Amino acid sequence: MTLLRDADLAHAFDRASRTYDRMTSASPGYHRHLLRSARRLALPDGGRGWSVLDLGCGTGASTRALLRAAPRASVTGVDASAGMLGRARDKPWPPGVSFVHAPVEGMAEAGVRGPYDAVFAAYLFRNVADPDGVLARVREVLRPGGRLVVHEYALGGRAVDRAAWSAVMGAVVLPWGRRHGDGALYRHLWHSVLDFDTAPAFAARLRRAGFTHVRVLPQPGWQTGITHTFTGVAP
Ligand SMILES: C[S@@+](CC[C@H](N)C(=O)[O-])C[C@H]1O[C@@H](n2cnc3c(N)ncnc32)[C@H](O)[C@@H]1O
């Protein structure tokens, strides 16, 4: 299957933004798992004085997780989908939270230049056409020693992980997507994960991009072997 990319993907997310929060709220552990990854940024003093970029912030679920983990941090969310971002902007946020409509590949041109103390990216990387190029953009906006946390469906590499992913997709997510007119996006979701790096391969990609102290951490529940947190430090 040809994956959705760039403008086609943004349009698919625009459309799905109407039902996105309902879908994630019904997904067992979605918000808990995001919070677990956000805490893995390990920002001291509630994030006071720390600037964090939330790449692919969507409707703001990851932004909310960041604020729960680090309530004093200032957070800038970036997303290519006007529909998703509009839902995020409509929510109440404390001062220090802002949103920018831009593809991450073009965020510098949209004024997102940093330096930031930390970058969080939840469910972004398997959606981009050039993950190495995006990691280079992330390096540019992070200060030396800045922290990166990626939360992603990157399978563990065992046959059972692929089978579990396809079972969840086939039994729950694809029927739900079709019912709401978003079949193309949820088929993209299914295949983007099967085609993406395994967790060890993505960790190796981070190291090749120059990140140090790279670690891969598991998530519990049905996401075991499916979703991982990746942490790294900018040189
Ligand atoms: C699966 S959603 C995740 C949203 C949010 N981070 C969360 O955890 O709920 C992925 C988001 O990434 C955005 N996205 C995908 N590719 C992008 C790109 N190249 N630049 C900016 N945003 C992108 C989509 O528009 C979508 O809102």
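Refer to the preceding data block for the structure.
Reading the values: the criteria
- Residues numbered from 1 in each chain as written.
- Predicted model: local features only at pLDDT ≥ 70, side-chain atom pairs only at ≥ 80, totals over all residues.
- Near = placed C-beta within 6 Å.
- Helix = DSSP H or I, 4+ residues; strand = E, 2+ residues; numbered from the N terminus.
- Nonpolar A, V, L, I, M, F, W, Y, C, P; charged D, E, K, R; others polar.
- Buried ≥ 20, exposed ≤ 12 C-beta atoms within 10 Å, placed from the backbone.
- Contact = placed C-beta atoms within 7 Å.
- Pairing = 2+ DSSP bridges.
- Axes fitted to C-alpha atoms, helices over the stretch in contact; angles between N-to-C directions.
- Parallel < 35°, antiparallel > 145°, perpendicular 65-115°, else oblique.
- Left-handed = near helix turned anticlockwise from the far one by under 90°.

Draft legend 1. Expanded view of the site of the ligand. The environment of the ligand is formed by 23 residues, the closest being Gly56, Gly58, Ala61, Ala80 and Ser81. Elements with a contribution of two residues or more to the shell around the ligand: helix 1 (6–26), helix 3 (61–69) and strand 2 (74–79). Per-element tally for the shell around the ligand: the top contributor is helix 1, with four residues. Here the residues of the shell around the ligand sort into 15 nonpolar, six polar and two charged.

Draft legend 2. Local environment of the environment of arginine 205. Mapping arginine 205 onto the fold places it in helix 8 (residues 199–208). For arginine 205, a count of 19 C-beta atoms within 10 Å translates into the label partly exposed. Sequence spacing of arginine 205 and aspartate 132 is 73 residues, and the spatial spacing of their C-alpha atoms is 7.5 Å. In this structure arginine 205 touches Pro131, Asp132 and Asp197, once residues within four positions along its chain are discounted.

Draft legend 3. Quick peek at unusual backbone geometry. Note the cis peptide between glycine 114 and proline 115, where omega equals 5°. Note that proline 115 resides in the loop between strand 3 (97–101) and strand 4 (116–122). Backbone geometry places aspartate 6, a non-glycine residue, at a positive phi of 50°. As for its placement among the helices and strands, aspartate 6 is situated in helix 1. Backbone geometry places histidine 213, a non-glycine residue, at a positive phi of 50°. The exposed category is assigned to histidine 213, around which 12 C-beta atoms lie within 10 Å.

Draft legend 4. Representation of the sheet that holds strand 4. Here we have seven strands laid out as an open sheet, ordered 3-2-1-4-5-7-6, and mixed in their pairing. Strands with a single pairing partner mark the edges of an open sheet, and in this sheet they are strand 3 and strand 6 (212–218). The mean inter-strand angle of the sheet, taken between neighbouring strand axes irrespective of direction, is 15°. Two elements, strand 6 and strand 7 (residues 227–233), share five bridges in a ladder whose sense is antiparallel. Bridged to arginine 215 within strand 7 is threonine 231. Strand contacts of helix 4 (residues 82–89): strand 2 and strand 3, with the helix running at about 165° to strand 3, the strand carrying the most contacts.

Draft legend 5. Representation of the packing of helix 6 (residues 159–179) against helix 7 (residues 183–195) within the structure. Running from amino to carboxyl end, helix 6 crosses helix 7 at an angle of 170°, the nearest separation of the two axes being 9 Å. It follows that helix 6 is roughly antiparallel to helix 7 by the angle criterion. Between helix 6, through Arg162, Trp165, Met169, Val173, Leu174, Gly177 and Arg178, and helix 7, the contact on the second element is made entirely by Gly183, Leu185, Tyr186, Arg187, Leu189, Trp190, Val193 and Leu194. In terms of residue class, the contact of helix 6 with helix 7 is made up of 10 nonpolar, two polar and three charged.

Draft legend 6. Summary view of the packing of helix 1 against helix 7. Interhelical geometry of helix 1 versus helix 7 gives an angle of 115° and a closest axis separation of 9 Å. With respect to helix 7, the element helix 1 is oriented roughly perpendicular. Of the two possible hands of crossing, helix 1 and helix 7 adopt the one that is left-handed. Seen from helix 1, the contacting residues are Ala12, Phe13 and Ala16; seen from helix 7, they are Ala184, Leu185 and His188.

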